[in-house]
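Coordinates in review
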Amino acid sequence: MTIALADPSLLRDQCLIDGLWTGVPTIPVTDPATGATIASIPDLGVSETHAAIAAADAALPAWRAKTAAERARILRRWFDLLIAHQDDLAMILTREQGKALAEAKGEIAYAASFVEWFAEEAKRVYGEIIPSHRADSRIVVIKQPVGVVAAITPWNFPAAMITRKAAPALAAGCTMVLKPATQTPLTALALAALAERAGVPAGVFNVVTGSSRIIGGELTANPLVSKLSFTGSTEVGRTLMAQCAPTMKKLSMELGGNAPFIVFADADLDAAVEGAMASKYRNSGQTCVCVNRIFVQRDIAPAFEQKLADAVAKLKVGPGTEAGVTQGPLIDDKAMEKVEEHVADALAKGARLVSGGRRHPLGHSFYEPTIVAGCTPDMALASEETFGPLAALFTFDTEEEVIAMANDSEVGLAGYFYTRDLARAWRVGEALEVGMVGINTGLISTEVAPFGGIKQSGMGREGSRHGIEDYVEIKYMCMAGI
Ligand SMILES: NC(=O)c1ccc[n+]([C@@H]2O[C@H](COP(=O)([O-])OP(=O)(O)OC[C@H]3O[C@@H](n4cnc5c(N)ncnc54)[C@H](O)[C@@H]3O)[C@@H](O)[C@H]2O)c1
Ligand SMILES: O=C[C@H](O)CS(=O)(=O)O
C-alpha cells in the first residue's frame, strides 16, 4: 500500500466482522488525483454480510446492557483516538476521496465531534412518568435501543457520514453493520481500527466492503436488522426504502439536495460572496448542502457576478496533498461528465459563461471552478443536483417570485439567503421548503444542530439532541394494582 503514515497500521485492507479482520483484498481503491491504485479491499458478499449481521445480533445483549456511562467512556476514548490520529486519517481520506488536505483534517475533526457529542448524549436518553388515568396505576415511559442497525454511507465525506450514524447508534446501545462507499473504504476501515482500540467490543461495529447491490440486498432483507440508516442519493434511497418494506425496518434517510442561495439587494454583498464561495466550492462542490442555484436580486446582479468571478479566480486546483490547493479532483469521470452536461445544457438554453466551463489541464477528473449567468428554471442545473464546482446565477425582482423559484424542487435539504432586513429574515426563513436554513451564512453544518431535509431529501435528523432519537424505541409500561 502506498500511503505514508505515522501509524501504518491504520491502513487496513481487510474488513472487520465480529472482531476479526477478514477478506482477501481484490477491489482496487484509486486516488482520483492520479488514477493510481493506492490499496485494495475485499469483495465480500451475502454470506459475509449475513455473518456480520449475526455478529451484531449476538453482541447486542451485552452492549445494550452496559450502562450509558460505560458506553460513553468507550466512545470518548474513540474520540480521543480520532483526534490523536487526525493527520493520518486526513491523509488516507484525501488520497482516496481527493479533497484538499486542510478540508480533510477539518472533516476528521467534524467526524470526531459526533463521537464526542453522542458520548455525552448517551447519558441523557431520558424516560418519563405520566400522571396516570387510574388511581391504582402508574404510567412509565422508557427508551430502549432499536437493535441491529445497517448503515450505508457515501464517498463525499468518508469519515463524518459514518460517525454521524455510528456514534448515536452505539451511544443508544445499538450495534452496527456498515457498508461504506466503494470509492472510499479506507477511511471507514481506519475508523473501525480505532474503534477497536478504544474498546468497542467484537461484533458491536462491523464493516463490510464489496458489491453495494449484493451487500445492500442482505442488509435490507435480513430480519435481524431493525433499522437502515442511509446517506446518499435520493434515487438509491428510494430503492433501499422499497427493499426494507417487507421487514418494516426503521429508516433514517439523508438524501440529495438542490440548495437555493438568495441574495437580496439590501445584503452585505461581500459577505454574500464569501458565503456563496464557502458553500458552493467546498469539497469541489461535492456536498449535499452545496449551493446549487444562486438567485441575485436584479439591481445588484452585475456587482455580485463580478465579485464572485474575482473570488473564483483565486481558487487553486490540484491534488489535495499539494500545499495551497483548495479544489481537488471530482470523485470520478462520471461526476465530471455530469458537470459538463449541466454547463452545456445551460449554454444551449441561453446562459452565459463567466468563469471556467471546461476540464482542467491537469487531466484526470479535475474540473475548472465555473460560473454561468443568465440561468433559467428550464435548465437541467435548476432541477438536478450538479454535485460539482458549478455556480449557476439566476436573477429575480420580488421576494414572492424568488421564494416560488427556490421552492420549485422535489427536494428540500438546505437553503441560504442574505439580507439585513429582520422582518424579511423571518418571512423567508419560514417560507423556504427545506430542513436547514443559513441566514447570512453559507456554512451551517455542526454536530450540535439537527441535520436533515424534507420532501425527497429524506427523513430523520443527525446530530443534535434529536440525533439519538432515531436509534431508540419508546416503550410505555402501565403498572396496575397499586
Ligand atoms: N443528506 C445528506 O446528509 C447527504 C450527505 C452526503 C451525500 N448525500 C447525497 O449523496 C449523493 C452522493 O453520494 P453517492 O454518489 O455516494 O450516492 P449514492 O447514492 O450513489 O451511494 C451512496 C451509498 O449507497 C451505496 N449504493 C449505491 N447503490 C446501492 C444499492 N443499489 N444498494 C445498496 N447500496 C447502494 C453506494 O455504494 C454508497 O455506499 C448526493 O445525492 C448527495 O446529495 C446526502
Ligand atoms: O454532503 C453533505 C454532508 O452532510 C456534509 S456536511 O455535513 O455539510 O459537512
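Conventions used here
- Starting afresh in each chain, residues are numbered from 1 along the sequence in its written order.
- In the order they appear in the text, chains get letters beginning with A and ligands get numbers beginning with 1.
- Totals for whole chains, interfaces and linings use every residue, but because this is a predicted model, local features are given only for residues with pLDDT of at least 70 and side-chain atom pairs only at 80 or more, for both listing and counting.
- Excluded from the side-chain calculations are hydrogens and water; all other atoms, namely the structure's heavy atoms, are used.
- UniProt positions are given in the numbering used here, feature names are shortened, and annotations may be inferred rather than shown by experiment.
- The nearness test applies per residue and asks whether one of its heavy atoms lies within 4 Å of the molecule or strand.
- Pairing of N or O atoms within 3.5 Å defines a polar contact, subject to two protein rules: one partner must be a possible hydrogen donor and the other a possible acceptor, and residues neighboring in sequence count only if both atoms are side-chain atoms.
- Only the protein chains shown count as cover for residues, with accessible areas throughout obtained via the Shrake-Rupley method and a probe of 1.4 Å.
- Using only the protein atoms, space was sampled on a 1 Å grid; points where a 1.4 Å probe fits but cannot get out form cavities, open sets with protein on both sides within 12 Å along at least five of seven lines form pockets, and lining residues are those with an atom within 4 Å of a point.
- Occupancy of a cavity or pocket is assigned to a molecule whenever over half of its atoms lie within 2 Å of that pocket's grid points.
- Note on residue classes: Ala, Val, Leu, Ile, Met, Phe, Trp, Tyr, Cys and Pro are nonpolar, Asp, Glu, Lys and Arg are charged, and everything else, Gly too, is polar.
- Where each domain begins and ends is defined by an automated method or by a domain database.
- It only takes one pair of heavy atoms within 4.5 Å for two residues to be counted as in contact.
- Simply put, the buried area is the total loss of 1.4 Å probe accessible area from both parts when two parts are fitted together.
- Grid points are joined across faces, edges and corners, and a volume is the space filled by probe spheres set on the points.
- Secondary structure elements are defined from DSSP: runs of H or I of at least 4 residues count as helices, runs of E of at least 2 residues count as strands, and each element is numbered from the N terminus.
- For patch building, the residue pool is restricted to those with more than 30% relative accessible area and no salt bridge; the joining distance is 9 Å between like charges and 5 Å between nonpolar side chains (Val, Leu, Ile, Met, Phe, Trp, Tyr).
- Salt bridges are counted wherever a side-chain nitrogen of Lys or Arg sits within 4 Å of a carboxyl oxygen of Asp or Glu.
- To sort residues, take the accessible area from a 1.4 Å probe on protein chains only and compare it with the maximum for the residue type: under 20% means buried, over 50% means exposed, and anything in between is partly exposed.
- Strand pairing is assigned whenever DSSP identifies at least 2 bridges connecting the two strands.
- Between the N-to-C directions of two axes lies an angle of 0 to 180 degrees, each axis being a line fitted to C-alpha atoms and, for a helix, fitted only over the stretch in contact.

Per an unreviewed UniProt entry, the recorded name for the protein chain is NAD-dependent succinate-semialdehyde dehydrogenase, and the organism is Sphingobium terrigena. The UniProt entry for the protein chain carries the following text under Sequence similarities (unreviewed entry): "Belongs to the aldehyde dehydrogenase family."

Take the site of ligand 2 next. Around ligand 2, the structure places Tyr110, Asn156, Phe157, Met161, Arg164, Arg282, Thr287, Cys288, Val289, Ser445 and Phe451. One of the side-chain nitrogen or oxygen atoms of Arg164 is found 3.1 Å away from an oxygen atom of ligand 2. Between ligand 2 and the protein, one listed contact pairs an oxygen atom with a side-chain N or O atom of Ser445 at 2.7 Å. Its free accessible area being 280 Å², ligand 2 has 98% of it covered by the protein chains. Taken atom by atom, the bulk of ligand 2 overlaps the largest cavity. Looking at the shell around ligand 2, its residues break down into 6 nonpolar, 3 polar and 2 charged. When residues of the shell around ligand 2 are assigned to domains, at least three map to each of domain 1 (8-255 + 457-478) and domain 2 (259-439).

Bringing the domain arrangement of the protein chain into the picture now. As assigned here, the protein chain comprises domain 1 (8-255 + 457-478) and domain 2 (259-439). Taking the mean C-alpha position of each, domain 1 and domain 2 sit 31 Å from one another. Taken together, the contact pairs 24 residues of domain 1 with 24 residues of domain 2. For the pair domain 1 and domain 2, the summed buried area comes to about 1,700 Å², and 57% of that belongs to carbon and sulfur atoms. The largest share of the area that domain 1 buries against domain 2 comes from Ala33, Trp155 and Ser457, three residues that together contribute 28% of it.

Its volume calculated, the second largest pocket comes out at about 280 Å³. Lining the second largest pocket are 15 residues, and of these Glu103, Phe157, Ala278, Arg282 and Leu443 lie nearest its centre. Secondary-structure elements contributing two or more residues to the lining of the second largest pocket are α4 (101-121) and α9 (269-280). When residues in the lining of the second largest pocket are grouped by element, the largest group, 4 residues, is from α4. Split into classes, the residues belonging to the lining of the second largest pocket amount to 8 nonpolar, 3 polar and 4 charged. Shared between two domains, the lining of the second largest pocket holds at least three residues of each, these being domain 1 (8-255 + 457-478) and domain 2 (259-439).

Another point: a nonpolar patch on the surface. A contiguous nonpolar patch, built from Met477, Met479 and Ile482 and spanning about 280 Å² of accessible area, is present on the exposed surface. In this structure, Met477 sits in strand β22 (residues 472-479). By relative accessible area, Met477 is classed as partly exposed at 34%.

Okay, the site of ligand 1 next. Close to ligand 1 lie 28 residues, the nearest being Thr153, Arg164, Ser212, Ser233 and Glu385. The separation between an oxygen atom of ligand 1 and a polar side-chain atom of Lys179 is 3.0 Å. Within the backbone of Gly232, a nitrogen or oxygen atom sits 3.3 Å from an oxygen atom of ligand 1. Across the complex, the protein chains shield 86% of the 840 Å² of accessible surface that ligand 1 would expose by itself. Listing elements by their share of the shell around ligand 1, those giving two or more residues are α5 (160-172), α7 (212-221), β10 (225-231) and α8 (234-244). At 3 residues, the largest contribution of residues to the shell around ligand 1 is made by α7. For the shell around ligand 1, a count of residues per class yields 14 nonpolar, 9 polar and 5 charged. Of the residues that make up the shell around ligand 1, three or more belong to each of domain 1 (8-255 + 457-478) and domain 2 (259-439).

Pairing is mixed across the open sheet formed by 7 strands, whose spatial order is β14-β15-β16-β13-β12-β18-β19. Looking at which strands have only one partner, the edges of the open sheet turn out to be β14 (352-355) and β19 (436-439). When strand polarity is set aside, the average angle formed by the axes of neighbouring strands in this sheet is 20°. Inspection of the sheet shows strand β12 (residues 259-263) paired to strand β13 (residues 291-297) by 5 bridges, in the parallel sense. Looking at β13, one finds that Ile262 is bridged to Phe295. The sheet strands contacting α9 are β12, β13, β16 (390-396) and β18 (414-418), and the helix crosses β12 at an angle near 165°. Set on the sheet, helix α14 (residues 422-431) makes contact with β18 and β19; between it and β18 the angle comes to about 160°.

What follows is about the pattern of salt bridges. If you walk through the whole model with that rule in mind, you get 22 salt bridges. Close ionic contact of Arg164 with Glu462 constitutes a salt bridge, the shortest N to O distance being 2.7 Å. Note that Arg164 is positioned in helix α5 and Glu462 in the loop between β21 (458-459) and β22, a separation of 298 residues in sequence. We note that Arg164, like Glu462, is buried. In this structure, Glu462 engages Lys165 in a salt bridge whose closest nitrogen and oxygen atoms are separated by 2.8 Å.

The subject of this paragraph is the UniProt feature "active site" (unreviewed entry) in the protein chain. Under the present numbering, the feature "active site" (unreviewed entry) in UniProt falls on Glu254. The residue Glu254 is located in strand β11 (residues 250-254) in this model. Owing to a relative accessible area of 4%, Glu254 belongs among the buried residues under this scheme. If we skip the residues at most four places from it in the chain, Glu254 touches Arg164, Phe230, Thr231, Gly232, Leu413, Phe451, Gly452, Gly453, Ser457, Gly460, Arg461 and Glu462.

Time to look at unusual backbone geometry. Its identity as a non-glycine residue notwithstanding, Asn440 has a phi of 60°, on the positive side. Mapped onto the elements of the fold, Asn440 is located in the loop between β19 and β20 (454-455). Classification of Asn440 by relative accessible area gives partly exposed; the value is 39%. In this model, Lys455 sits at a positive phi of 50°, which is unusual for a non-glycine residue. Relative to the helices and strands, Lys455 resides in strand β20. For Lys455, a relative accessible area of 34% corresponds to the partly exposed category.

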